[in-house]
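# Topology and contacts: notes
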Amino acid sequence: MNKQRKTDIGPPHYEKFLPPIIKKNYGKWAYHEVPEQGVLVHTAESGDKLYSLRVASSRLLSIATIRLFADLADKYCDGYLRFTTRNNVEFLLSDGAKVAPLRAELEAEGYPAGGIGNAISNIVHTQGWVHCHSAATDASGVVKSLMDELMPHFTNMDLPAKMRVAFACCLNMCGAVHCSDIAVLGVHTRAPRIDHNELPKVCEVPSLVASCPTGAIRPATVDGNQSVTIEEGQCMYCGNCYTVCPSVKINNPESDGISIWVGGKVSNARREPTFSKLAIPFLPNNPPRWPEVVEAVTGIVNIWKDNANKHERLGEWIDRIGWSRFFEMTGIPFTRYHIDDFTHAGETYKRSAQIRQ
Amino acid sequence: MNKQRKTDIGPPHYEKFLPPIIKKNYGKWAYHEVPEQGVLVHTAESGDKLYSLRVASSRLLSIATIRLFADLADKYCDGYLRFTTRNNVEFLLSDGAKVAPLRAELEAEGYPAGGIGNAISNIVHTQGWVHCHSAATDASGVVKSLMDELMPHFTNMDLPAKMRVAFACCLNMCGAVHCSDIAVLGVHTRAPRIDHNELPKVCEVPSLVASCPTGAIRPATVDGNQSVTIEEGQCMYCGNCYTVCPSVKINNPESDGISIWVGGKVSNARREPTFSKLAIPFLPNNPPRWPEVVEAVTGIVNIWKDNANKHERLGEWIDRIGWSRFFEMTGIPFTRYHIDDFTHAGETYKRSAQIRQ
Amino acid sequence: MSDTTRETPLLDELEKGPWPSFIKEIKKERERPMVGDLLGLLERSYGERVGHWKHGGLVGVMGYGGGVIGRYSDLPEEFPSVAEFHTIRVNQPSGLFYSSDALRTLCNIWDKHGSGLTNMHGSTGDIVFLGCRTEALEEVFSELTEAGFDLGGSGSDLRTPSCCVGPGRCEWACYDTLDICNDITQSFQDELHRPMFPYKYKFKFAGCPNDCVASVARSDCSIIGTWKDDIQIKADEVLAYANNGVDIEKEICQLCPTGCISWDGKALDIDNGECVKCMHCINVMPKALAPGKERGATILIGGKAPIIGGALLAAVMVPFIEMEAPYEDLKELTEAIWDFWGEHGKNRERVGEFIQRVGLSNFLDEIGLEPVPEMVVHPRTNPYIFFVDEDEEDDDE
Amino acid sequence: MSDTTRETPLLDELEKGPWPSFIKEIKKERERPMVGDLLGLLERSYGERVGHWKHGGLVGVMGYGGGVIGRYSDLPEEFPSVAEFHTIRVNQPSGLFYSSDALRTLCNIWDKHGSGLTNMHGSTGDIVFLGCRTEALEEVFSELTEAGFDLGGSGSDLRTPSCCVGPGRCEWACYDTLDICNDITQSFQDELHRPMFPYKYKFKFAGCPNDCVASVARSDCSIIGTWKDDIQIKADEVLAYANNGVDIEKEICQLCPTGCISWDGKALDIDNGECVKCMHCINVMPKALAPGKERGATILIGGKAPIIGGALLAAVMVPFIEMEAPYEDLKELTEAIWDFWGEHGKNRERVGEFIQRVGLSNFLDEIGLEPVPEMVVHPRTNPYIFFVDEDEEDDDE
Ligand code: SRM
Ligand code: SRM
Ligand code: SRM
Ligand code: SRM
Ligand code: SF4
Ligand code: SF4
Ligand code: SF4
Ligand code: SF4
Ligand code: SF4
Ligand code: SF4
Ligand code: SF4
Ligand code: SF4
């Protein structure tokens, strides 16, 4: 067949995929309730009720599993489902009676329901060693290791508030971890090495030099090649040079690892959106289970859980008790690395005598 | 007499000037009261009472006036007096009965008592046209014009909280206006002109070029002289080039004037110390009485007085009601100049959806 | 060397435990040589603690500059089937809604041409097809478009817009996030598929200030629903919450950021003029409270991750705007931004960094907005004001 | 042309009104030719709306680099008596205390050699003698030292330290501000009189967090008194305030920055671990509350006006330190700071700007302090960490 090549058609219109109950009550929802963890019930002004069953997903899905979800959707909810912005799966039912059997089937297949309300939902994450060239650590493996441990907080609603955990495998932060309650971030901690033979063939020296925010890269002739050198003391391993030039080798099994950040949020509820702040500058890469990372994160979650007030997200709790107490309670050492030294560093220095003595 | 030249003796020891009641109760004060505006009564643990009568001063004092104060001090308080950190004069009495007659004499001489508690105290200020080469306006004249109007708030205690007004005649801010409830600041608003004939004789071009924070100054040969040019669009009139080189002429009767800043504070009480923020970018120099400046400042004081809660300093009130409402209530237009564009400008952009709609 | 049965003791550890296992997912497709080799490569990474992917290369489909991320293994001899292992970004439908048939259609295409592995979804919102050989790209693309799907963005272009579920299921949506996301995506197909910006540009649409799509942190143009009038109160439902254990004073009044809500044990009183639409009170009592009726959105510009000047949250550009189809105001504003940034932005300079470099006031001038106090936390504190020649100013008007 | 009776219609306007008039002050000395000319020059400035002083020149007394500000009129022909009109900065006694005799001594010296005009006091704290001819400088200086006074600072040196009234009269002084101010001034006479720093360096001593000498904003080294233990409460006096109209809940509890103080209508309860020593509750009820007994100070470094990198408030360097004579800790810290800044600071770079340039962590390393969380509002948000080679780190220890 020799059809006209189609381009620029955009995605299918979402309306095709809305169940009738949503089409009917579109924009006319009155309120919602959470009868049990994993289930949202939205009541429309018309009185109609929409049941959403939310289940966990590893995000990296085989087509076998997607087909399984499709089949279950056909069986229980006329084929309608959606994914959430945090990669969970939501089955959309108009018949409340079908929620329990669907849930049972899903849980039997290994897809627990949960993640709603004052819980830890799925960890937003990235590619890691499965696909990305920049990764300072794996993504899916760390996330799996963490969620195996945090899972009770997904299937229960026993936390003071929502806790959003996010993961990114390098400073590009595709997991947008920069505003998470807890952010797990892969970091390089050594300056990149240069392949001086390859560099002249594949990269432009001026744009490489320009790519470095700290001016650590300087043009140089090495072994007769037009190349660059990196001033190690000036490099903070951001990887931008690597992104613009493949001859810069940044991955390093010895010095790559993971940092932990805390207290960010995105919603405007109560406090304004805010960035995550450094808690632990470096933990080693220890596959397949990253025990140091799991321990650090669960430690922070537990201390917060035991001490925060209701509705107090991690950062709000720390704001109330102060950072000194946070470091004291978690036993995390405060080091030179916690003090900012980037562009607006001075704005983070404490400039008042208001101190808990 | 041919005495050895004395140097590095430092100031006289303060103890010589402490009245006996202070020496006795030094560091052993129990509490204070303010029986009437202008009078502080400090009770010591011993039960002794120290009466301080605070009177206004123009700071620029003739020796005639200082001798008058000395005589009055002799007459009423054994010769003991001090000045405050805001340039008021405090007579230190151990006999409460003498406060009223001393006050009467001082007021008769034109030195009203006041400035204590929830009041406007003296305006911290600088040299202006009386002594400084940098001044974009006069200091004492503006201060006098303002205090003539604000004086009821000095002699009463009818304000929601303390109000600290400060004045500086150029961006060097010798009045340290940057953390005042209301700051009145002389500003230049045109790029300096250069005296190209004089410059090579009195200034070093490289240090002059280096002095400019915006890089507006470039070396140039003008009329055969090694000099500099100023890129007008890049100059924000900070005057630093003028400070390092007299051949740069920054004073300009047409474009010099006054800006008004609000909401700063220094104390740690309730809110942390904070900078003053721009309210009015420019008002003309209109001596001898600067009516535009007086009107602007009294306008802000009155609106704050009528609307703030008790203990709420100007900046705390604005924090509570929001800047939009401040501009609305005062009728001051919000302009492009109010939006920061210096080093940390981005930190002042509003980065949340928390808005009073 | 491609071997679908090789041992993966380290990865096998990650099949254990209660959370869904991505290794199980990969193994479900391990009969494909590509996936077998992926497992081998990944096991190697786990052993050596380092990735085995080379720096990406430019690959794509005809006429498009974006939508495909090239990826090559650095061990092509040992793992030949993943020598090429590109990803295809397939533009998701607004709100991530699917019918089972649509999902099966996608699965069938991917079954035929690729690894059978996906991400549902990528961080930007795309359906990610993980692992495609170069030669198969064009086939996948034509089958996708045949089925009504198209590619998403990558490179220095408009990235795939995304949104929260909005009016599809949420009672708080202050505008139609699904419609606008679809509309903007369709309206800017060229910008989405053909990189011509200084750097990437992302849209995210959140129906209310809860921002369930993290727009303020993750998009160059963050649209957050809000309202102007009074919060709607059902007094009896408030009482019901109070009777059912909500400590309204402690849980709501004391946590309201402006302290504008009060409770006397019987009725709620909101000083709506002071309310900053934070959503907290509504969140806690969804049956009793609801956003007002005069609804619209706040437009914020410049959110991004840290590369390279540091992360930014998006900044308020339009405090309130009605968001009705066909969204002409937003489109005009967007084009004005793209024009100015497109002309003066540096290579790899996100619009948020660009605004900081040129100054917000100058940026506003160029895109035709008036400065308003809602754009700043507070007016400037430093006295370094560039006074504009008034004649020049006038010329502009 | 010097004329002590010339008309000054503009200035005369400023003799009116209730506030003390600086014009009246000037006129009190107008019989001196210098002051007559000053009035003329000033009247001219008022008419022309511009100052008539030339860029200052270097003048001083023998062996000193600071203490005098050179000033020359740009209309020397017209106003010859102010052709030279320098100021002399005379170091004030701590706390600005005087005996009438001391004041008269100063007046007599100034009467004899100068304009008879002063500032009581300059913004840094000095007694300022306004208007001195070059040739009189040395005479004034020798009479001053004879009377026990000395000059203050100017130029790139230690500036005249100053302090609040402290234990001299205030019940809240947490250390002896008068003594330390005097001690530091005396200890560093050389640094005060002979400029050898990159730029000026100011000390200000405030006895408690009310900071009545504005130290946090106006000094490179701001010392603010504070305490570690519990606020002292006199329960009966609290009740007395409550009965006399202080609304404790509203005026105190609701304004406490950490909400750590509560009132049940009968007794005050303070969670002292949460108290940030802001002083507010104590300020409102001075008879009932007082700082704790375990007293000391917080040391903050780097406050300054805007020139040139922007204004800075001083930043916490030592959260708590006991402040007892002879203040060895403070002196050692100060010398360590001066050494590092002195060696590496740029010309006209205040220490606050210097710290930002080199980074606080590096600065701490060099001056020998450990990083503690009290030094920051919050830990860093950007991931751009410079990891220090651990061997190097160890070397330091
Ligand atoms: C389904 C989803 C939107 C979608 O289009 O997919 C969604 C749905 C709802 N969100 Fe959300 N939120 C969703 C991601 C988010 C995000 C984005 C994110 O996590 O990356 C945020 C911002 C998180 C942050 O601040 O860091 C978010 C912040 C909120 C909040 C504010 C919580 C807070 O106190 O800060 C609420 C209000 C609440 O829960 O009380 C909310 C409330 C809700 C409600 C109750 C809205 C409604 O009436 O339907 C929905 C169910 C809540 C729940 O799951 O607890 N949703 N919600 C997303 C589910 C993700 C998941 O699988 O877990
Ligand atoms: C005399 C003086 C100290 C000196 O060594 O000279 C002084 C003396 C007192 N101050 Fe002060 N303060 C003095 C300058 C300051 C300054 C510095 C300044 O204004 O430049 C501040 C910081 C101002 C700021 O934050 O911008 C200052 C902030 C305070 C505060 C905190 C006020 C607040 O709520 O923010 C208090 C507490 C109070 O008044 O409730 C206070 C309280 C006091 C007390 C009550 C302390 C006491 O127990 O004796 C004294 C009388 C208060 C009064 O005048 O209202 N003093 N006080 C200064 C008088 C200046 C004047 O002539 O007006
Ligand atoms: C696939 C995805 C991660 C994922 O597992 O989901 C991804 C993957 C990559 N991102 Fe990303 N980014 C992805 C969402 C994001 C997000 C999140 C978002 O869009 O909400 C961010 C943070 C938000 C933002 O845009 O700032 C993000 C910030 C970056 C950055 C840093 C941009 C910055 O300005 O700071 C880079 C670096 C670059 O552009 O060179 C980057 C670069 C990359 C590259 C192309 C690597 C590179 O060196 O150029 C990654 C390819 C990985 C691979 O091999 O597949 N990626 N990237 C996400 C896109 C899937 C999709 O289309 O749905
Ligand atoms: C006399 C005095 C103002 C007054 O009327 O009281 C004063 C007067 C001058 N100051 Fe100042 N400063 C005076 C206190 C201050 C203060 C306040 C303080 O010390 O508490 C500040 C702000 C705090 C600070 O240090 O940052 C101050 C910040 C400046 C600056 C900007 C410094 C900066 O880093 O931002 C300059 C510019 C410079 O150094 O070149 C400056 C420069 C000057 C010069 C020397 C002008 C110049 O171009 O070099 C002024 C001489 C005026 C004259 O002709 O008499 N003066 N200067 C104050 C000193 C009197 C005294 O010794 O007691
Ligand atoms: S965060 Fe870094 S390593 Fe991970 S997917 Fe994004 S670019 Fe790749
Ligand atoms: S990793 Fe970053 S800081 Fe280091 S050389 Fe490369 S671009 Fe520069
Ligand atoms: S503020 Fe400026 S003009 Fe005024 S005294 Fe200080 S340096 Fe001179
Ligand atoms: S006034 Fe300031 S900005 Fe203007 S040229 Fe001089 S140093 Fe540069
Ligand atoms: S952002 Fe608001 S409208 Fe959208 S799903 Fe979340 S709560 Fe609902
Ligand atoms: S929405 Fe937020 S700001 Fe508004 S009343 Fe409710 S809690 Fe307060
Ligand atoms: S700073 Fe404190 S100790 Fe010093 S005078 Fe002010 S209130 Fe008293
Ligand atoms: S001193 Fe300040 S922080 Fe401490 S209890 Fe009193 S009001 Fe609260």
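You'll find the structure just up there.
Here is a short report on the structure shown in this document.

Each value, and the rule that gives it
Every chain's residues receive numbers from 1 upward, in the order its sequence appears when written. The naming scheme follows written order: chains are lettered A onward, ligands numbered 1 onward. A pLDDT threshold of at least 70 governs which residues receive local features in this predicted model, and a stricter bar of 80 or more applies before side-chain atom pairs are shown or counted, although totals over entire chains, interfaces and linings include all residues. As a convention, hydrogens and water are excluded, and side-chain values are obtained from all of the structure's heavy atoms. We call a residue near a given molecule or strand whenever any one of its heavy atoms falls within 4 Å of it. Residues are grouped as follows: Ala, Val, Leu, Ile, Met, Phe, Trp, Tyr, Cys and Pro are nonpolar; Asp, Glu, Lys and Arg are charged; every other residue, Gly included, is polar. Here the nonpolar core consists of buried residues drawn from Ala, Val, Leu, Ile, Met, Phe, Trp, Tyr and Cys, with membership extended through side-chain atoms lying within 4.5 Å. Using a 1.4 Å probe on the protein chains alone, a residue whose accessible area is under 20% of its type maximum counts as buried, one over 50% counts as exposed, and one in between counts as partly exposed. Should any heavy atoms of two residues lie within 4.5 Å, those residues are counted as being in contact. Only strands joined by at least two bridges in the DSSP assignment are considered to pair. Each helix is a run of H or I in the DSSP string that is no shorter than four residues. Each strand is a run of E no shorter than two, and both are numbered from the N terminus. Angular values range over 0 to 180 degrees, each being the angle between N-to-C directions of two axes fitted as lines to C-alpha atoms, with helices fitted over their stretch in contact. Metal donors were taken as nitrogen, oxygen and sulfur atoms no farther than 2.8 Å from the ion, or 3.2 Å where the ion is Na, K or Ca. Water is excluded, so coordination may look unfinished. Summed over both partners, the accessible area (1.4 Å probe) lost when two parts come together is defined as the buried area. Salt bridges, as used here, are contacts in which a Lys or Arg side-chain nitrogen is within 4 Å of a carboxyl oxygen on Asp or Glu. Counted as a polar contact is a pair of N or O atoms within 3.5 Å, where, for protein atoms, one must be capable of donating a hydrogen and the other of accepting one, and residues adjacent in sequence contribute only when both atoms are in side chains.

The subject of this paragraph is the site of ligand 10. In the vicinity of ligand 10, the contacting residues are Ile231(C), Cys256(C), Pro257(C), Cys260(C), Ile270(C), Cys275(C), Val276(C), Lys277(C), Cys278(C), Met279(C), His280(C) and Cys281(C). Broken down by class, the residue content of the shell around ligand 10 amounts to ten nonpolar, one polar and one charged.

Counting residues in each nonpolar core, the largest one holds 213 residues, and the members touching the most others are Phe91(A), Phe326(B), Tyr201(C) and Phe363(C). Residues in contact with Tyr201(C), not counting those within four places in the same chain, are Asp157(C), Leu158(C), Arg159(C), Asp220(C), Cys221(C), Ile301(C), Ile337(C), Trp338(C), Trp341(C) and Val351(C). With 212 residues, the next largest nonpolar core counts Leu283(A), Leu102(B), Ile26(C) and Cys163(D) among its residues.

Residue and element names in this part refer to chain A. Ordered by their spatial adjacency, four strands build an open sheet running β7-β8-β13-β14, and the pairing between neighbours is mixed. Only two strands of the sheet have a single neighbouring strand rather than two, namely β7 (165-168) and β14 (277-284). Neighbour to neighbour, the strand axes of the sheet diverge by 20 degrees on average, direction disregarded. Here β7 pairs with strand β8 (residues 182-187) via four bridges, running parallel. If you follow Phe167 over to β8, its bridge partner there is Val184. Helix α11 (residues 323-330) contacts β13 (257-262) and β14 of the sheet and is inclined by roughly 30 degrees relative to β14.

Our focus in this paragraph is the coordination of the iron atom of ligand 1. If you check the protein contacts of the iron atom of ligand 1, you find one donor only, Cys212(C) (SG), at 2.3 Å. Looking at the secondary structure, you find Cys212(C) in the loop between β7 (203-206) and α8 (215-218).

Bringing the interface of chain D and chain C into the picture now. By a frequent convention, interface size equals the accessible area lost on bringing the separate parts together. Counting residues at the interface gives six residues for chain D and six residues for chain C. Carbon and sulfur atoms supply 66% of the area that chain D and chain C bury against each other, a total of about 410 Å² over both sides. The interface formed by chain D and chain C includes zero salt bridges. Across the contact surface, chain D and chain C share four residue pairs in polar contact (both at pLDDT 80 or more). Taken together, the residues of the side of chain D that touches chain C break down into five nonpolar, one polar and no charged.

A few words on the interface of chain A and chain C. Tallying the contact residues gives 110 residues for chain A and 116 residues for chain C. Summed over both sides, the interface of chain A with chain C buries roughly 9,900 Å², with 60% coming from carbon and sulfur. For chain A, the biggest contributors to the area lost against chain C are Arg5(A), Trp129(A) and His131(A); these three give 8% of the whole. At the boundary of chain A and chain C, one finds ten salt bridges. For Arg67(A), the salt bridge goes to Asp111(C), with nearest N and O atoms at 3.0 Å. Here chain A is connected to chain C by 69 residue pairs in polar contact (both at pLDDT 80 or more). Element by element, the count of residues in the side of chain A that touches chain C is highest for helix α2 (residues 63-77) of chain A, at eight residues. When its residues are assigned to classes, the side of chain A that touches chain C shows 53 nonpolar, 38 polar and 19 charged. The pairing of strand β4 (residues 60-62) of chain A with strand β4 (residues 117-120) of chain C spans three bridges and is classified as antiparallel. By the bridge assignment for β4(C), Leu60(A) is matched with Asn119(C).

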